[in-house]
Structures are given as structure tokens and as C-alpha cells.
Amino acid sequence: MRAAVAAVVRKDLRQELRTLESIPAMALFALSTFVVFHFGLDRDALDGDLAAGVLWVTLLFATVLGMNRLFVAEREQGGFDAFLLAPVDRTAMLVAKALVLFAFLAAVELVAVPAYAILLLGPGAGQALPGLLAVLLLANAGLAVVGTLVGALAVQTRARDLIVPLIALPLSIPLLIAAVEATAPLLQAGGAEPLPGRWLTILGLYDVVFGLLAYAVFDFLLED
Amino acid sequence: MPALPLDDAGPYVAAAYLVFLALVLVYVAIMAGKLARLARDVEELSRIVERPEP
Amino acid sequence: MFGRGLKSLSLASAALVTGAFALVFFYAPLDADQGFIQKIFYLHVPLAIVALCGFVAGGIYGIRYLRTGDRAHDLRSYVAIHQSLIFGVGVLVTGSIWAKASWGHWWVWDEPTLVSFLIVFLLFACYQPLRFSIEDPERQARYAAVFAIVGGAFVPLNFTAVRMAEALTHPRTFDSTSNLPGPMALTFLVAMAGIAALFVTLCKYELAAKHATMRLKALKRRLSGEPAALPLTQRARSAAPQEV
């Protein structure tokens, strides 16, 4: 199965590098959203809860953009059929696509988080970085799993672009809560406070629960 | 101490229970419509069955 | 197939709900903190609990459908979720009325249970649009089952997360229901039983009606000489399962 996962991941990453469809769009969207927030909230700098909230809402919406496109190529170019014919475990598709979405998110955050620090955060934001990395890691895993599940669910429907945000947003709210609560102390104006462990645990739990759930039901989405 | 005096609170509680009643009755009305359509279809079917074979 | 025992169930529901309301207004004592407003709880909380159980039941029937392929389970899943959505509207409206009466606003974010319920409601509101947008009946049933399972599992996850988020800043106002004095507890239990019985009754109604409509359609098709099975390309007019 590892070979199958590697093959799909390699194919998707290579396609993305060649065509550059999703990642630049997601990154650009995140940057534009930061600007929109600046004008919408009429603030030059954010800190604490507000800073955490703006960052995570933006990342969430950028993920929704990525979800839409995750399975489109498979559907339109017969990737699903080819995969079903191959003698591999169907869960390989789930793992592969989740890894791809994780990679996309990581790439986007590589651009978006520094941009966010420059645009909307105060001067002391640098010390937040290690803690922020931990939160980003866990949250990305959760977003990747939910994104793969919802993407697969929606790709066969007619109103794909509408269904994805409608389903993904409520499902992501517990993750959003945990990520914001974990990040808020890090971005305090007076200097970063220590990372709250319980919210990291919640994030981890969310990842595990949704991972198991996705593993249990994903096969049924691939049947013909 | 109660949050609102009885006369002020009464309308709210009444409104809540009325909403419940309204929901149930609207549901009954919709089911009545479905039942009517069912009856109509049964009528049509029995006409099809009883007419002489063409 | 689904209508057995419907009449006695309806009568039992009517008796329980009427009895519950009578208890609420003539027997249960006035709450010391909230006064008359507290009477809304006897309606609002059972509606919420039953609706949530309905969503979870929808998920369980989804599992059964995926395991057995029996369309009857898919129909039950659909009806349970549909009914819970309707009850959910009742929950949100009564919750809003209670918020207005207690706090002066039509919505408060302080109540973790109400907020969690809103999130779950928004999620399951997508169930019918999802079904509508898939034309193939078998795939529609399968995807709906997956959605119902994910949604059903999501309910407890969501409630814990929201409760944890709110607990840090706002004390829970619903705590008063956990240690109810005797008469209040009795009233609450009867109300729970009544609303639960009502839910099951309405579900059975819906199931019986849908099933009869489906059989009738099949009969009509056979009598007018068309093939008995639904052609695959036919666009369903409703989001409900078309065949059992």
C-alpha cells in the first residue's frame, strides 16, 4: 500500500508543480483576506484572541478552496476508475490525498504566516513561532482529513462548489475552536504566553477521531 | 427572584409552546396533502384496473 | 410495512404530551432563579435531546444501510434526519425565545448547548441538498449514508468542543437541570417521554406515507405497461429515496 500512496502523492505533487493551480491561488487568497480583514476590522495590528481568530478563519477558508480541487482531476480524467481497477487497498487514496492536502496547506502557510506577521501582527510575534508550528502541524492534519473526506463526498455531486463549504465549515468548527484557543495566548501583545496543552490535546483528539471516521467510511465513497 | 414578573414572562412562554403547536399542525397539514394525493392516485389506479381491456 | 402500531403510538404520544403540558402548568413549582421563564425548558430541552438522538439514529441507520444494502434502512435514515431537522427548528426558535426572555437578546453565545446545536443543525441542513445533487439513486443512498455517519459521529465531538470553549468564560445556565427537585424532575421526564413518543410517531407516519407512495408508483408503472424498475436516468423530484 505504501507504494500506491507514494505513487498518487508523487503524481499530484508533480501535477501541482507543473500547473501551479491550487497553491498560488490559496496563498493569494489568504493574503487578500488579510488585507480585507485590515479594512473590515479597521485595525493596524491585532493581538490575542482576535489575531488568532483572523489567522485561523483565513486558513480555514483557504483550505476550503483547496478541497474543491482535490479530486477534480481524478473525476474528470478517469483517475477513480484507474484506481479502482488496480489491486490496491482503497484506503491508499484517502492517505495519499490527505498527505497532498497537508502538503498544499504547509506550502500555503509558508507564505501566509510570515505575511500575516508582517501585515497584521505586532513586533514581538517572532517568539510565538515554535508554539505556532506545533498548532499548525496538528491543525493541518485535521484539516487535511476533513478536506479529503468532504472533497471526495462532494466531487460526485452537481453543485460541488457550493456543497463543499456548506459541509466543511460546520465540521471544522471544533478544530477552529481548538486552534484559536491554542494560538491566542501565543499572540498576546505583551509577549507570548506558554502554549495551552489541553487545546493541543483536543486538536490531537479531533485528528484521531476524524482519521478513524474517514478510514471507516472512505471505501464507500469510491465504489462505482 | 424571577427573571421577569409573571405578566411579562407569560407571553414568551406562551409563544414557545405555540411555536411547538404550530410546527406539529403544519406537519399534519402537509401529511394531509400527501394523503390526498395518495387517494387520488388510488382512484386513478382503480379506474385503470376496472376499465375493459383495450 | 411501516404502519404497524401507528394508531396506539399516536394515542400514547397524545396522552403523554398533553399530560406533560398539564404537569408543566399545574403541577411543577416555580423556579426560584428564573421564574416563569423556566417553563420553556420543559419543551426546549426534550426537543433538543430528541432531535440530537434523531441525528445519531440517522447515522446508525446509515451504517446499517452500508452494511446490508437494504434500502429500508436508507429510508429510515432519511426520515430520522428530516424529522430531527424539523424538531431542530423548534429547538432553535424556543431557545431564541428563552434567550430573549432571559437576556433581552434573541440569541446568546453563552449557552454552549444552544450554540453546538446550531452548528449541528447547519451541518445536517446540507443533507437534503447533498441528496438532491446526486442523480444516481444507489450512489445517492450510499453518499447520504456516509454523510449521516460522519454527522452522527460529529454530534458528541462538537458538543464537547463547544462546551470546553464556553466553560472558560461563561458559566453554564443549563446546570440547573442536572439537580432538579422531585416535582420538576417528574415533569421533565414525562415531557421527555412525550416528545420522544411524538418523534417516533411522526417518523412512522412519514415512513408509512413514503412507502405507500412508492408502492403506488411502482404499481402504476406496472399497470401502464412500463418496466417495473425505475430507469437510471430519471431525475427524482424529491430528495427522498425513490425505491425500497
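Throughout this description, residue numbers start from 1 for each chain and increase along the sequence as written. Starting at A for chains and at 1 for ligands, labels are handed out in the order in which the entities are written. Only residues with pLDDT of at least 70 get local features here, since the model is predicted, and only at 80 or more are side-chain atom pairs given and counted; chain-wide, interface and lining totals rely on the full set of residues.

It is worth spelling out the overall build of chain C at this point. Note on conventions: DSSP H or I runs of at least 4 residues are helices, E runs of at least 2 residues are strands, and numbering of each starts at the N terminus. Scanning chain C for helices and strands turns up seven helices and zero strands. Ordered by position in the sequence, the α and β elements of chain C form the string α-α-α-α-α-α-α. At a minimum sequence separation of 6, the contacts of chain C that also span at least 24 residues come to 81%. Residues are treated as contacting if the C-beta atoms built from their backbones sit within 7 Å of each other.

Another aspect to go through is the overall build of chain B. If you tally the helices and strands in chain B, you get one helix and zero strands. Our exposure labels follow a C-beta count within 10 Å of each residue's own C-beta, placed from the backbone: buried means 20 or more other C-beta atoms, exposed means 12 or fewer, and partly exposed covers the counts in between. Looking at chain B as a whole, 9% of its 54 residues are labelled buried.

Below, the discussion takes up the packing of helix H1 (residues 6-26) of chain C against helix H7 (residues 182-223) of chain C. All names here are of chain C. Convention adopted: a line fitted to C-alpha atoms gives each axis, helices being fitted over their contacting stretch, and angles between N-to-C directions are expressed from 0 to 180 degrees. Where H1 meets H7, the closest approach of the two axes is 8 Å, and the angle between their N-to-C directions is 150°. Classified by the angle their axes make, H1 and H7 are roughly antiparallel. The two elements H1 and H7 meet at a crossing, and its hand is left-handed. Contacts between H1 and H7 involve Leu6, Leu9, Ser10, Ala12, Ser13, Leu16, Val17, Gly19, Ala20, Leu23 and Val24 from the first element and Thr187, Val190, Ala191, Ala193, Gly194, Ala197, Leu198, Val200, Thr201, Lys204, Tyr205 and Ala208 from the second. Geometric relationships in this document are graded by angle, where less than 35 degrees denotes roughly parallel, more than 145 denotes roughly antiparallel, 65 to 115 denotes roughly perpendicular, and other angles denote oblique. Throughout, a crossing is termed right-handed when the near helix is turned clockwise from the far one, and left-handed when it is turned anticlockwise from it by less than a right angle.

One broad rule of soluble globular proteins: the nonpolar side chains tend to lie buried together. Val150, Leu153, Ile167, Ala178, Ala179 and Leu203 of chain A are the most contacted members of the largest nonpolar core, which totals 154 residues. Those residues in contact with alanine 179 of chain A, other than ones at most four positions away along the chain, are Trp56, Val135, Ala139 and Leu203 of chain A. Working definition: the nonpolar core is a set of buried Ala, Val, Leu, Ile, Met, Phe, Trp, Tyr and Cys residues, joined through C-beta atoms within 7 Å.

Residue and element names in this part refer to chain A. Take the residue count of a helix, subtract one, and multiply by 1.5 Å to get its expected span. Look at helix H9 (residues 197-222): 37 Å from first C-alpha to last across 26 residues, which is about the 38 Å you get at 1.5 Å a residue. The bend reported for a residue corresponds to the angle between axes fitted to the seven residues ending at that residue and the seven starting there. In the structure, H9 departs most strongly from a straight axis at alanine 216, where the bend amounts to approximately 35°. Along H9, the positions that sit buried rather than exposed are Trp199, Leu200, Ile202, Leu203, Tyr206, Asp207, Phe210, Leu213, Ala214, Val217, Phe218 and Leu221.

Further remarks concern the interface of chain A and chain C. Listed per partner, the contact involves 24 residues of chain A and 24 residues of chain C. Secondary-structure elements contributing two or more residues to the side of chain A that touches chain C are helix H7 (129-155), helix H8 (160-183) and H9 of chain A. With ten residues, H8 of chain A is the largest single contributor of residues to the side of chain A that touches chain C. Three classes are used, and their members are as follows: Ala, Val, Leu, Ile, Met, Phe, Trp, Tyr, Cys and Pro are nonpolar, Asp, Glu, Lys and Arg are charged, and the others, Gly among them, are polar. Its residues assigned to classes, the side of chain A that touches chain C shows 19 nonpolar, two polar and three charged.

On the side of chain B, 23 residues touch chain C, which itself brings 25 residues to the contact. Listed by contribution, the elements that provide at least two residues to the side of chain C that touches chain B are helix H3 (71-103) and H7 of chain C. Considered class by class, the residues forming the side of chain C that touches chain B number 16 nonpolar, six polar and three charged.

The next thing to look at is the confidence of the model for chain C. All names here are of chain C. Per-residue pLDDT for chain C averages 83, and the proportion of residues at 70 or more is 85%. Here helix H6 (residues 137-167) stands out as the least confident element of chain C, with mean pLDDT 86; helix H2 (residues 41-68) is the most confident, with 93. Throughout residues 231-236 the model reports pLDDT below 50, and contacts reaching past four residues in sequence, or to other chains, amount to three contacts. Interface predicted TM-score (ipTM) for the complex: 0.82; the corresponding pTM is 0.84. Per-residue confidence from the predictor is reported as pLDDT, which spans 0 to 100.

The next subject is the environment of leucine 221 of chain A. Counting through the fold element by element, leucine 221 of chain A comes out in helix H9. Taking the C-alpha atoms as reference, leucine 221 of chain A lies 8.9 Å from leucine 149 of chain A; in sequence the two are 72 residues apart. Once residues within four sequence positions are removed from consideration, leucine 221 of chain A is found in contact with Ala152 and Leu153 of chain A together with Tyr143 and Val146 of chain C.

As a further point, take the packing of helix H3 (residues 48-70) of chain A against helix H6 (residues 91-120) of chain A. When two helices pack together, their arrangement is captured by the angle between the axes and the distance separating the axes. Residue and element names in this part refer to chain A. Interhelical geometry of H3 versus H6 gives an angle of 145° and a closest axis separation of 10 Å. Seen along the crossing, H3 lies across H6 with a hand that is right-handed. Here Ala51, Val54, Leu55, Leu59, Ala62, Thr63, Gly66 and Leu70 of H3 lie close against H6, whose contacting residues are Lys97, Leu101, Phe104, Leu105, Val108, Glu109, Tyr116 and Leu120. Its residues placed into classes, the contact of H3 with H6 shows twelve nonpolar, two polar and two charged.

Turning our eyes to something else, we now look at unusual backbone geometry. Residue and element names in this part refer to chain A. With phi around 50°, leucine 20 is a residue other than glycine that occupies positive phi space. Along the polypeptide, leucine 20 turns up in the loop between helix H1 (2-19) and helix H2 (22-41). A positive phi is found at aspartate 42, a non-glycine position, where the angle reads about 60°. Looking at the element boundaries, aspartate 42 is found in the loop between H2 and H3. Using a count of 7 C-beta atoms within 10 Å as the deciding quantity, one classes aspartate 42 as exposed.

Residues and elements named next belong to chain A. As for its position among the elements, glycine 66 is in helix H3. Overall, glycine 66 belongs to the buried group, with 23 C-beta atoms counted inside 10 Å. In the structure, glycine 66 is positioned 53 residues away from leucine 13 in sequence and 13 Å away in space, judged by C-alpha atoms. Residues in contact with glycine 66, not counting those within four places in the same chain, are Ser22, Met26, Leu101, Phe104 and Gly147.

Before going further, it helps to spend a moment on the environment of serine 116 of chain C. Residues and elements named next belong to chain C. With respect to the secondary-structure elements, serine 116 resides in helix H4 (residues 112-124). Counting along the chain gives 99 residues from serine 116 to valine 17, while the straight-line C-alpha distance between them is 26 Å. The residues touching serine 116, leaving out its near neighbours within four places in the chain, are Asn158, Phe159 and Val162.

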